[in-house]
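Understanding the architecture of this molecule
Each chain, written out:
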Amino acid sequence: MTDLHAKPQLTTIEVRNPADGFIVGEVPVDSPETVAAKARELRLFQPEWEAMGAKGRKPWLMRFQEWILDNAEHITDIVQSETGKPRTEASTEAPASADSLNYWARNAERFLAEKRSMPHTPLMLVKRLTTVHRPYPLVGMIAPWNFPFAMAGMDVPPALAAGAAVLLKPSEVTPLSGVEFVRGWTEIGAPSVLGVATGAGGTGAAVLANVDYVQFTGSTATGRKVAVGCAERLIPYSLELGGKDPAIVLTDADLDRAVNGITWGGVFNSGQACVGVERVYVEAPVYDEFVARLTDKVASLRQGQDDDRYRFDVGAMATEAQRDLVARHVDEAVAAGARVTTGGKPTGVGTFFEPTVLTDVDHSMAVMQQETFGPTLPVVKVADEDEAIQLANDSNYGLSATVWTRDYARGERIARRLDAGGVNINDMMTNLFSFALPMAGWKNSGVGYRNGGAHGLLKYCRPQAITTPRLPVQSNEVMWYPYSRRKSRLAMGIMRAAAAHGLRRVGLKPRGGSR
Ligand code: NAD
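Attention in this report is confined to the structure presented alongside it. (Residues numbered from 1 in each chain as written. Predicted model: local features only at pLDDT ≥ 70, side-chain atom pairs only at ≥ 80, totals over all residues. Heavy atoms only, no water.)

So, on to the overall build of the chain. Looking only at helices and strands, the chain features 17 helices and 22 strands. On the principal axes, the C-alpha backbone points of the chain span a range of 85 × 65 × 50 Å. The proportion of buried residues among the 515 residues of the chain is 53%. Look at the contacts in the chain between residues 6 or more apart in sequence, and 71% of them connect residues 24 or more apart. Here the chain displays about 23,600 Å² of accessible surface, and carbon together with sulfur accounts for 54% of that area. Taken together, the 56 basic and 57 acidic charged side chains of the chain have centroids lying 16 Å from each other. (Helix = DSSP H or I, 4+ residues; strand = E, 2+ residues; numbered from the N terminus. Buried < 20%, exposed > 50% of the residue type's maximum accessible area, 1.4 Å probe, protein only. Contact = heavy atoms within 4.5 Å. Areas by Shrake-Rupley, 256 points an atom, 1.4 Å probe, with all protein chains shown as cover. Lys, Arg positive; Asp, Glu negative; His and termini not counted. Charge placed at Lys NZ, Arg CZ, Asp CG, Glu CD.)

For the rest of this paragraph, the subject is the packing of helix α2 (residues 53-70) against helix α7 (residues 175-187). In contact at an axis separation of 9 Å, α2 and α7 are set at 120 degrees when each is read in the N-to-C sense. With respect to α7, the element α2 is oriented oblique. You can see that α2 and α7 cross each other, and the crossing is right-handed. Taken together, the residues of α7 that come into contact with α2 (itself represented by W60, L61, F64, W67 and I68) are E180, F181, R183, G184, W185 and E187. Per-class residue counts for the contact of α2 with α7 are 7 nonpolar, 1 polar and 3 charged. (Axes fitted to C-alpha atoms, helices over the stretch in contact; angles between N-to-C directions. Parallel < 35°, antiparallel > 145°, perpendicular 65-115°, else oblique. Left-handed = near helix turned anticlockwise from the far one by under 90°. Nonpolar A, V, L, I, M, F, W, Y, C, P; charged D, E, K, R; others polar.)

With respect to spatial proximity, 28 residues lie near the ligand, and among them A143, E172, S219, L241 and E371 are the closest. The side chain of E371 places a nitrogen or oxygen atom 2.6 Å from an oxygen atom of the ligand. Bound to the protein, the ligand loses 88% of the 860 Å² it would expose on its own. Listed by contribution, the elements that provide at least two residues to the shell around the ligand are α8 (201-210), β8 (213-217) and α9 (220-233). Sorting elements by how many residues they give to the shell around the ligand places α8 first, with 3 residues. A per-class count over the shell around the ligand returns 14 nonpolar, 9 polar and 5 charged. (Near = heavy atom within 4 Å. Polar contact = N/O pair within 3.5 Å; in protein donor to acceptor, adjacent residues only side chain to side chain.)

A few words now on unusual backbone geometry. Located in the positive-phi region is Y310, a residue other than glycine, with phi close to 55 degrees. Note that Y310 resides in the loop between α11 (284-299) and α12 (320-335). On the basis of relative accessibility, which here comes to 40%, the residue Y310 falls in the partly exposed class. A positive phi is found at D360, a non-glycine position, where the angle reads about 55 degrees.

The 7 strands lie next to each other as β12-β13-β14-β11-β10-β16-β17, forming an open sheet whose pairing is mixed. Of all the strands in the sheet, just β12 (339-342) and β17 (422-425) have a single pairing partner and so form its edges. With strand direction ignored, the average angle separating the axes of adjacent strands in the sheet is 25 degrees. Sheet analysis places strand β16 (residues 400-404) next to β17, joined by 4 bridges and oriented parallel. (Pairing = 2+ DSSP bridges.)

What follows is the structure, encoded as structure tokens:
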């Protein structure tokens, strides 16, 4: 029977520029069947891609990097059209992606190198022990809307470099950049190991159902669903989720640098950055001065719909829902006693929300506890660094944090007491763009992590152990099996001798005492 109340299934998604609401493109909503077919096709090409080895794959990744650099202006146009970012922000996405391709392409061979292991016991000396890293054949990349090209550009390269095929699922809010990313790969004539599936959560769930590993970036709420889905299929995943990053300003800070850095950290991408500043704790002696200077700086920012002339500092929010959420956090804080020193409301045009500084906030407010993801900087006065650390750690999130001080040793000491996967001293987001370092979300900010040198690539691989005889083998002998009393005694004797004499060369160290 037909359900007359059922919502009609959308077959396409209209993509709008949130700055003015104009439609800038359209993509299909891929059904589960379409996603499954795309996944099957990618699997056909993956074995050959893997067999090429890191050396064989490198030229394709480098050629793709060149394509991105050659097409940077065009890519920036697309990012800007579907996000409402100012030019200066949109133009960071192509170079960030090129940088990532360069790093993974150049280091993949070293990271994937096979490893020979020393046997742990003399009994194993007759074998050659090798670990090789074999990719998960198909990796699903499920991405958010805040950096629509760069998210693909940061996460897809290590998986391709590892030898996996990748099915990218960009956000339904900003799918055009992801589609363009994959089109670029096709345009250079690269092997068909990168595909794109467009649509909303249903399409994301279908990707999860058809891949061998999920790399998910998005909200904590969706991340939980992805974890459950992966658990049901018994496939591994990495979750890069939301944040509520604190900034700690100490009395000895270079206040100009702290104000500039925190302003940028708070309003960059209209505050829609997982590693943006969401809370500020300032030591009492410099609190008034910091708030005054921060207010002036934030009030001086130019906000509007940009073209290609780099005229504005702050752009639109990605969606009306996101703008309304920011407005709710600010309104609730004000109703509970917070004071707005600049900004505080939607501009009334498109999805723009004024860059905002709030004071007199406390930790019971949503603006201090939940991810606001808007251009808001709530500032709290603290007595000393201990109070700053205690409040900074009073959060369900633990993505990253910043400390502003002239005393770097003190900054590092504080970093080691903060519950966050990354701490940047006197700067913003540095760990995210240092691919040799992990970008790890603690607590509700993630499971697993991206980057971190070899880890960033090996997470897309399964280790495989291969053992090979080093000496001629007899047809009736099996390793370890005590097929005669004599051999059994011999084996026990060797073990005792190894334990007693601590055969360091074979990995048997004596427990206590000297050798
Ligand atoms: P979201 O969770 O709403 O959506 C993310 C992606 O998941 C989208 O592609 C969406 O279509 C898909 N999806 C939705 N339901 C799904 C399901 N049931 N199964 C599979 N996929 C599903 O997140 P968003 O609003 O697009 O992005 C903003 C969030 O992303 C913020 O919380 C931000 O902090 C976070 N983020 C984190 C990082 C990081 O590295 N930690 C980076 C960027 C953004």
